[in-house]
Amino acid sequence: MGEQTLILVKPDGVQRGLIGEILRRFEAKGYTVQALKTVRATDELLARHYAEHVEKPFYPGMAEYMKSGIIVAAIIAGDRVVQAVRTLCGATDPTEAAPGTIRGDLGRSWENGVFNLVHSSDSPQAARREISIWFGDE
Ligand code: CDP
Ligand code: MG
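Residues numbered from 1 in each chain as written. Chains lettered and ligands numbered in written order. Predicted model: local features only at pLDDT ≥ 70, side-chain atom pairs only at ≥ 80, totals over all residues. Heavy atoms only, no water.

**Notes on the site of ligand 1**
Quick note on the threshold: Proximity criterion: a residue is near a molecule or strand once any of its heavy atoms comes within 4 Å of it. A 3.5 Å cut-off defines polar contacts: any pair of N or O atoms within that distance qualifies, except that in protein one atom must be a possible hydrogen donor and the other a possible acceptor, and neighbouring residues in sequence count only when both atoms are side-chain atoms. A 1.4 Å probe and the Shrake-Rupley method give the accessible areas. Residues count as covered only by the protein chains that appear here. Buriedness of a pocket was judged along seven lines, with at least five required to meet protein on both sides within 12 Å; pockets are open sets of points on a 1 Å grid over the protein atoms alone, cavities are sets where a 1.4 Å probe fits but cannot get out, and lining residues have an atom within 4 Å of a point. Grid points define the cavity or pocket, and a molecule sits in it when more than half of its atoms lie within 2 Å of them. The nonpolar class holds Ala, Val, Leu, Ile, Met, Phe, Trp, Tyr, Cys and Pro. Asp, Glu, Lys and Arg form the charged class, and all remaining residues, Gly among them, are polar.
In the vicinity of ligand 1, the contacting residues are Lys10, Tyr50, His53, Phe58, Met62, Arg86, Thr92, Arg103, Val114 and Asn116. Between ligand 1 and the protein, one listed contact pairs an oxygen atom with a side-chain N or O atom of Lys10 at 2.9 Å. In the complex, the protein chains occlude 77% of the 500 Å² of accessible area that ligand 1 would expose alone. Because more than half of its atoms lie within 2 Å of the grid, ligand 1 is assigned to the largest pocket. Here the shell around ligand 1 is composed, by residue class, of four nonpolar, three polar and three charged.

**Observations concerning the packing of aromatic side chains**
This is how the line gets drawn: We call Phe, Tyr and Trp rings a pair once their centres come within 6.5 Å, taking the six-membered ring for Trp, and we label the pair stacked below 30 degrees between planes, edge-to-face above 60, and tilted otherwise. Two limits define a charge over a ring: the Lys NZ or Arg CZ must be within 6 Å of the ring centre, and within 35 degrees of the ring normal.
Counted under the stated rule, the structure contains one aromatic pair. Between the NZ or CZ atom of Lys37 and the centre of the ring of Phe135, over which it lies, the distance is 4.7 Å. Between the NZ or CZ atom of Arg108 and the centre of the ring of Trp110, over which it lies, the distance is 3.7 Å.

**Side note on helix α4 (residues 59-66)**
The condition is simple: To sort residues, take the accessible area from a 1.4 Å probe on protein chains only and compare it with the maximum for the residue type: under 20% means buried, over 50% means exposed, and anything in between is partly exposed. For helices the rule is a DSSP run of H or I covering at least 4 residues; for strands it is a run of E covering at least 2, with both sets numbered from the N terminus onward. Regarding the arc, it is the one traced by the directions from the helix axis to the C-beta atoms. Note on definitions: a residue-residue contact is assigned when non-hydrogen atoms from the two residues lie within 4.5 Å.
Burial in α4 covers these residues: Tyr59, Met62, Ala63, Tyr65 and Met66. The buried residues of α4 occupy an angular sector of 155° when the element is viewed end-on, so they sit on one face. On its buried face, α4 sits against β1 (4-9), α1 (11-15), α3 (43-49) and β3 (71-77).

**Details of unusual backbone geometry**
Phi is positive for Arg80, which is not a glycine, with a value near 60°. Looking at the element boundaries, Arg80 is found in the loop between β3 and α5 (81-89).

**Overview of the sheet that holds strand β2 (residues 32-39)**
Counted only if it meets this: Two strands are said to pair when DSSP picks up at least two bridges between them. Every axis corresponds to a line fitted to the C-alpha atoms, with the helix fit spanning only the stretch in contact, and the corresponding angles, defined between N-to-C directions, vary from 0 to 180 degrees.
Taken in spatial order, the four strands of this open sheet run β2-β3-β1-β4, and their pairing is antiparallel. Looking at strand neighbours, the two that pair on one side only are β2 and β4 (118-120), the edges of this open sheet. For this sheet the average axis-to-axis angle between neighbouring strands, irrespective of direction, equals 20°. In this sheet, β3 lies alongside β2 in antiparallel orientation, the contact comprising seven bridges. Bridge assignment links Leu36 to a residue of β3, and that residue is Ala74. Contacts between α5 and the sheet are confined to β1, β3 and β4, with β1 contributing the most and set at about 25° to the helix.

Below you can see the structure in the form of structure tokens.
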């Protein structure tokens with residue numbers, strides 16, 4: 001099966017019609033989409049997913065953003081996929097994200113929050129934890 005990672009196309013990515021463009025980049029790089037679904041985030045799901053951030057000042061606004069529309073959740077698979085997908089997504093701040101990355105090419109900064117199109121797991125351990133959160137009932 002190889003290594004797996006969890007990606008989310010966040011509500012801004014879905015609303016802008018970028019589901020295909022974002023998934024295309026993972027596929028074009030050579031990785032496999034193993035599972036795919038649309039989901040609406042709940043407070044419970046987000047608090048588990050972003051457990052490391054729940055106490056941070058940006059969390060309430062970020063949770064509202066993540067609940068503002070449909071999310072696409074996917075499991076992407078392949079050798080060293082966790083690191084590769086992080087690289088493809090780019091830095092958290094879209095203004096600082098390098099050209100060629102999803103956030104660098106498709107995102108920009110806005111005054112009312114960080115809207116950066118995509119989430120990806122930051123380690124294989126985080127990927128296992130996050131896959132169980134978003135796909136654990138299947
Ligand atoms: O998503 P990534 O792992 O690159 O960044 P993070 O530092 O783990 O933060 C998780 C998410 O919280 C980011 O992707 C942003 O959506 C949000 N965030 C924010 O709204 N404001 C910040 N100052 C930092 C993060
Ligand atoms: Mg993170």
